Amino acid sequence: MDNVNARAIAAWSAACLFIALFTTNPAYKFLVLAAAFTALAASVGIRRLHRLVIGVAFVSTFAALLNFVSAHLGSTVLFALPDSIPAVGGPYTLEALAFGINGGLTIAAAIFSAAPFSLVVAAHDVLDALPRVLSRSGAAIAASMNLVPSISRSFSEVAEAQRLRGWRPRGPRSWADVVVPVVLTSAEGSIQLAESMEARGFGAGARTSWERRPLAAADWLLIGTAVAAVGIFAFAHAMGAAADWYAYPRLSLPAVDPLGLVACLLLFTPVVTWRPRG
Amino acid sequence: MATARLRELSYWYPRGATPALDAVELEIGDGLTLVTGPSGGGKSTLLRVLNGLVPHFHGGRISGTATVCGRDIIATPTAQLASTVGFVFQDPELQAVYDTVEREVAFGLENLGVAPRTMHDRVDRALAEIGVEHLRHRRMRTLSGGERQRVALASVLALQPRVLVLDEPASQLDDDGAARVLAAATDFAAAGRAVVIAEHRPEMLSRSATAVLAVDAGRIDGRWEPKDDEIPTQPRTVPGAGAWTLTDVTAGHDRNAVIGDVTLDGRQGEIVVLTGPNGGGKTTLLRTIAGTLKPLAGKVERRPGRVAYLPQNPAAILHRPSVRAEVDLTLQWSGENGDVTAIVESMGLTAVAGRYARDLSSGQRQRAAVAAVLVGRPQLVLLDEPTRGMDARARTALVRVVRALRDGGAAVVLATHDAGLERELADRVVEVCGGRAIETNAVTA
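Keep in mind that what you see is a predicted model, and the values were worked out from it rather than measured.

Draft legend 1. Here's a closer look at the overall build of chain B. If you tally the helices and strands in chain B, you get 12 helices and 19 strands. Over its C-alpha trace chain B gives a radius of gyration of 23 Å, about what one expects of a compact globule, namely 22 Å for 445 residues. Oriented by its inertia axes, the alpha-carbon framework of chain B measures out at about 65 × 50 × 35 Å. Across the 445 residues that make up chain B, the buried fraction comes to 55%. For chain B, the proportion of contacts with a sequence separation of at least 24, taken over those separated by at least 6, is 73%.

Draft legend 2. Spatial organisation of the sheet that holds strand β11 (residues 242-253) of chain B. Residue and element names in this part refer to chain B. Read from one edge to the other, the open sheet built from 3 strands follows the order β12-β11-β14, with strand pairing classed as antiparallel. Pairing within the sheet leaves two strands with one partner each, and these edge strands are β12 (256-267) and β14 (297-302). Here the average twist between neighbouring strands, direction ignored, is 20°. Across 5 bridges, β11 lies against β14 in antiparallel orientation. Paired with Leu246 across the two strands is Val300, which belongs to β14. In this fold helix α7 (residues 282-290) packs onto β11, β12 and β14, with an angle of close to 125° to the strand it touches most, β11.

Draft legend 3. Up close: the nonpolar core. All names here are of chain B. Counting 88 residues, the largest nonpolar core has Val49, Ala154, Ala185, Val196 and Ile197 as its most contacted members. Here this core gets 7 residues from one element, more than from any other, and that element is helix α6 (residues 175-190). In contact with Ala154, other than residues within four places in its own chain, are Val105, Ala126, Leu127, Ile130 and Val132. Val273, Ile289, Ala371 and Val412 belong to the second-largest nonpolar core, a separate cluster that totals 74 residues.

Draft legend 4. A look at the confidence of the model for chain B. With 95% of its residues at a pLDDT of 70 or more, chain B shows a mean pLDDT of 88. Scored as a whole, the predicted complex attains pTM 0.78, and scored at its interfaces, ipTM 0.84.

Draft legend 5. Region of the structure containing the interface of chain B and chain A. Taken together, the contact between chain B and chain A spans 50 residues of the former and 44 residues of the latter. Residue assignment for the side of chain B that touches chain A shows that the elements contributing at least two residues are α2 (53-57), α3 (101-111), α4 (116-130), α5 (145-157), β15 (307-310) and α8 (323-334) of chain B. The greatest single-element share of the side of chain B that touches chain A, amounting to 6 residues, is contributed by α3 of chain B. The residue makeup of the side of chain B that touches chain A, split by class, is 29 nonpolar, 14 polar and 7 charged.

Draft legend 6. Representation of the environment of Val227 of chain A in the model. Residue and element names in this part refer to chain A. Residue position: Val227 is located in helix α9 (residues 217-238). Using a count of 15 C-beta atoms within 10 Å as the deciding quantity, one classes Val227 as partly exposed. C-alpha separation for the pair Val227 and Ala14, spaced 213 residues apart in sequence, amounts to 9.3 Å.

Draft legend 7. Broad picture of the packing of helix α1 (residues 6-22) of chain A against α9 of chain A. All names here are of chain A. At a minimum axis distance of 8 Å, the contact between α1 and α9 shows a crossing angle of 20°. If you check the angle between α1 and α9, you find them roughly parallel. The handedness of the crossing between α1 and α9 is left-handed. Contacts from Ala8, Ala11, Trp12, Ala14, Ala15, Phe18 and Ile19 of α1 reach α9 at Asp219, Leu222, Ile223, Ala226, Ala229, Val230 and Phe233. When grouped by side-chain class, the residues that make up the contact of α1 with α9 number 13 nonpolar, no polar and 1 charged.

Draft legend 8. Looking closely at the sheet that holds strand β5 (residues 71-72) of chain B. All names here are of chain B. Read across the sheet, 4 strands follow the order β2-β1-β4-β5 without closing on themselves; strand pairing throughout is antiparallel. Looking along the sheet, the strands with just one partner apiece sit at the ends: β2 (21-28) and β5. Sheet analysis places strand β1 (residues 4-12) next to strand β4 (residues 61-68), joined by 7 bridges and oriented antiparallel. Considered in β4, the bridge of Ala4 is made with Val68.

Draft legend 9. Focus on the packing of helix α3 (residues 50-70) of chain A against helix α4 (residues 94-114) of chain A. Residue and element names in this part refer to chain A. Where α3 meets α4, the closest approach of the two axes is 7 Å, and the angle between their N-to-C directions is 155°. The angle between α3 and α4 places the two elements in the roughly antiparallel class. α4 is crossed by α3, and the crossing has right-handed handedness. Facing Val56, Val59, Ser60, Thr61, Ala63, Ala64, Leu65, Leu66, Asn67 and Phe68 of α3, the residues of α4 in contact are Ala96, Leu97, Phe99, Gly100, Ile101, Gly103, Gly104, Leu105, Ile107, Ala108, Ile111 and Phe112. Broken down by class, the residue content of the contact of α3 with α4 amounts to 16 nonpolar, 6 polar and no charged.

Draft legend 10. Geometry of the pairing of strand β9 (residues 211-216) of chain B. Residue and element names in this part refer to chain B. In this sheet, β9 lies alongside strand β3 (residues 31-36) in parallel orientation, the contact comprising 4 bridges. When the bridges of β9 are listed, Val35 appears paired with Leu213. By the bridge criterion, 2 bridges tie β9 to strand β10 (residues 219-220) in an arrangement that is antiparallel. Each residue of the ladder has a partner; that of Val215, found in β10, is Ile220. Where β9 folds back onto β10 in an antiparallel hairpin, the turn is made up of 2 residues, including Ala217, whose phi is positive at roughly 50°.

Draft legend 11. Layout of unusual backbone geometry. A cis amide bond, omega 0°, links Tyr248 of chain A with the succeeding residue Pro249 of chain A. Along the chain, the position of Pro249 of chain A falls in the loop between α9 and α10 (258-266). A cis amide bond links Val54 of chain B to the next residue, Pro55 of chain B, at an omega of 10°. Locating Pro55 of chain B in the fold gives a position in helix α2. Notably, Glu8 of chain B is not glycine yet its phi reads approximately 50°, a positive angle. Residues other than glycine seldom take positive phi values, yet Asp248 of chain B does so here, at roughly 50°.

Draft legend 12. Broad picture of helix α8 (residues 176-199) of chain A. With 24 residues, α8 of chain A should cover 34 Å at 1.5 Å per step; its first-to-last C-alpha distance of 34 Å lies within 8% of that length. Taken residue by residue, α8 of chain A has Asp177, Val178, Pro181, Val182, Thr185, Leu193, Glu195, Ser196, Met197, Glu198 and Ala199 of chain A as its buried positions. Packed against the buried residues of α8 of chain A are α7 (135-165) of chain A together with α2 and β6 (85-88) of chain B. Of the residues one or two after α8 of chain A, Gly201 of chain A is the one with positive phi, at around 90°.

Draft legend 13. Fine view of the pairing of strand β13 (residues 270-275) of chain B. Residue and element names in this part refer to chain B. Burial of β13 is extensive: 6 of the 6 residues sit out of reach of the surface. Every second residue of β13 is oriented toward a common face, with Glu270, Val272 and Leu274 on one face and Ile271, Val273 and Thr275 on the other, all of them buried. In the sheet, β13 pairs with strand β17 (residues 411-415) via 5 bridges, with the strands oriented parallel. Its bridge partner lying in β17, Leu274 is registered against Ala415. Examined bridge by bridge, β13 and strand β18 (residues 428-433) share 4 bridges and lie parallel to one another. Each residue of the ladder has a partner; that of Val273, found in β18, is Val429.

Draft legend 14. Quick peek at the confidence of the model for chain A. For chain A, mean pLDDT is 90; residues scoring 70 or higher make up 97% of the total. The secondary-structure element of chain A with the lowest mean pLDDT is helix α6 (residues 123-129) of chain A, recorded at 80, while α10 of chain A shows the highest, at 96.

Draft legend 15. Highlighting the environment of Leu164 of chain A. Position of Leu164 of chain A among the secondary structure elements: in helix α7. When sequence neighbours within four positions are dropped, the list of residues in contact with Leu164 of chain A reads Ala290, Thr292, Val307, Ala308 and Tyr309 of chain B.

Rules used throughout
- Residues numbered from 1 in each chain as written.
- Chains lettered and ligands numbered in written order.
- Predicted model: local features only at pLDDT ≥ 70, side-chain atom pairs only at ≥ 80, totals over all residues.
- Helix = DSSP H or I, 4+ residues; strand = E, 2+ residues; numbered from the N terminus.
- Rg over C-alpha atoms; globule rule 2.2 N^0.38 Å.
- Buried ≥ 20, exposed ≤ 12 C-beta atoms within 10 Å, placed from the backbone.
- Contact = placed C-beta atoms within 7 Å.
- Pairing = 2+ DSSP bridges.
- Axes fitted to C-alpha atoms, helices over the stretch in contact; angles between N-to-C directions.
- Core = buried A, V, L, I, M, F, W, Y, C linked by C-beta atoms within 7 Å.
- pLDDT = per-residue confidence, 0-100.
- Nonpolar A, V, L, I, M, F, W, Y, C, P; charged D, E, K, R; others polar.
- Parallel < 35°, antiparallel > 145°, perpendicular 65-115°, else oblique.
- Left-handed = near helix turned anticlockwise from the far one by under 90°.
- Expected span 1.5 Å × (residues − 1).

Put into structure tokens, the structure is as follows:
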């Protein structure tokens, strides 16, 4: 999206991540998640979020279930498995489930908060926004990210070609016949890319940048609200208002404080400032 | 005065027992210098000496002297030579750093610390010089191979090098893409600058070349002519029973149809050649016949038996410790008996049969992959752009093997842009364009 500056996005993402990771209160985490999701949906559309939503749902559910299965703490027992069963035996509690869901919520909020870097702006916009001292590292990272689609394509092609040669998946070791050629091909691709970069002067000295876009009024608004959100939330927390939440020993509802709520609502600013892609 | 001068230059790759370049004496002047020679002969190594990738990037041992435009290459890091020697590589997929054309062309200028205002001017000029201004705001991933390679060329020309080096820049491209890239290189040479180009289709450049070098076994070896072994023409066998049938087939990816309502069949002992532009649906059609892509609609039928499928980048499958082991693996997996020695020999790989395939030259690797896929007695043989990047020798070997398979009763379907291959092998020609498959002619014996 060419109407958003990557530095403004960085400020907003940092504010979202600060609140999502700073508090243990699921109400605020949920508000951050809602702000990030709504902002993304408003700028790139729901359809482009389809795969991200599925991926995040999978990871978050896994995290929630892992805690539910492994933490046998809390007082509200839902059911119990015999203690003699290794690893999973013991009581299964409502508190452990709630704590797991809170963990999943944290992961989801964090991923959606960082997602604008790949969905809303192009990689080169992020590079342009980096301080000059990081420019070379940024270019190297951008180059390596360009290899990701080719690795994914290579995996499908090699698996298909090996299958037609007669290969069949028979246990984890058999996958070496697919994974090894893909890794080798990717490594060779990386070497060729590195050759190409060096041949075009990469590492020759101080770099310049094609474009460092100035911050527009909408970008300043976003940065301002992000800073305000962090300040208000930190202040409220310091005053004991935006309270944390603990699932153990007995489950309770999370408290919501007006100041904390205002801080989270400020994170919805991009819904207004990020115009949809043309 | 010579633009590049190499004196008694020898080079050994790390752990290399024999020199990849052996006491090379060479002077390169302005104009277009065409570098020819067999696969694995040392062409790519020689080109990489000219911008210092050999030895600075690849390591190894070097002796002798090498200068380009008066600069000592052996003492100067490659990155420092970028504005003197521009280098375009073989694979257009593996040169892009940025995701848009404009930025990609500016990449080298950013590295050299060129001021933004000058950078914009030079990007404009480079895009215009190659005739790709219309691609300026396109995403790199949306470009065809030919377009990507022209952008790679523009990104090098933006550096305003004195010498332009191209390592088989058209080997991965269709004829149209190849012609455009080579024309751009020829124009650069016509402007009075030095162009050194290795090309496996030298006939496309021989008229424009001011000098032709042959590199064989690491030596500059006079003029090299590809040794195209005569392939005896044999009367074509009469096609047998039906081997595969597509009835009203629609196929594609993620529910987006790439081919639609295709009805087509092939018989045993017959070669069907699929032609048509990039993106027309040839690969989709092949994969549908192979059964690796389920049709969205319609019916696909195949006779039982092994399917041999050669993908566009066949060397990607190689991973066994030797060429022989790679070929043997297919027989092991498919439970077939086959003559490993015979196919290794027919692909001209006997001398390297015991070596790790990925240590071989790109042409030898490709032949190793062809041997690994086509060994045994497959009933259905599907080949996707099999001559892409192949040198003349590999191509001849491929023609021989495919004919033998056809004459042995296999049904063969191959997708190609190579008009020569079509003439040499086709029993029937089907043009695949815009998702439709239209039989254009049936070649009679």
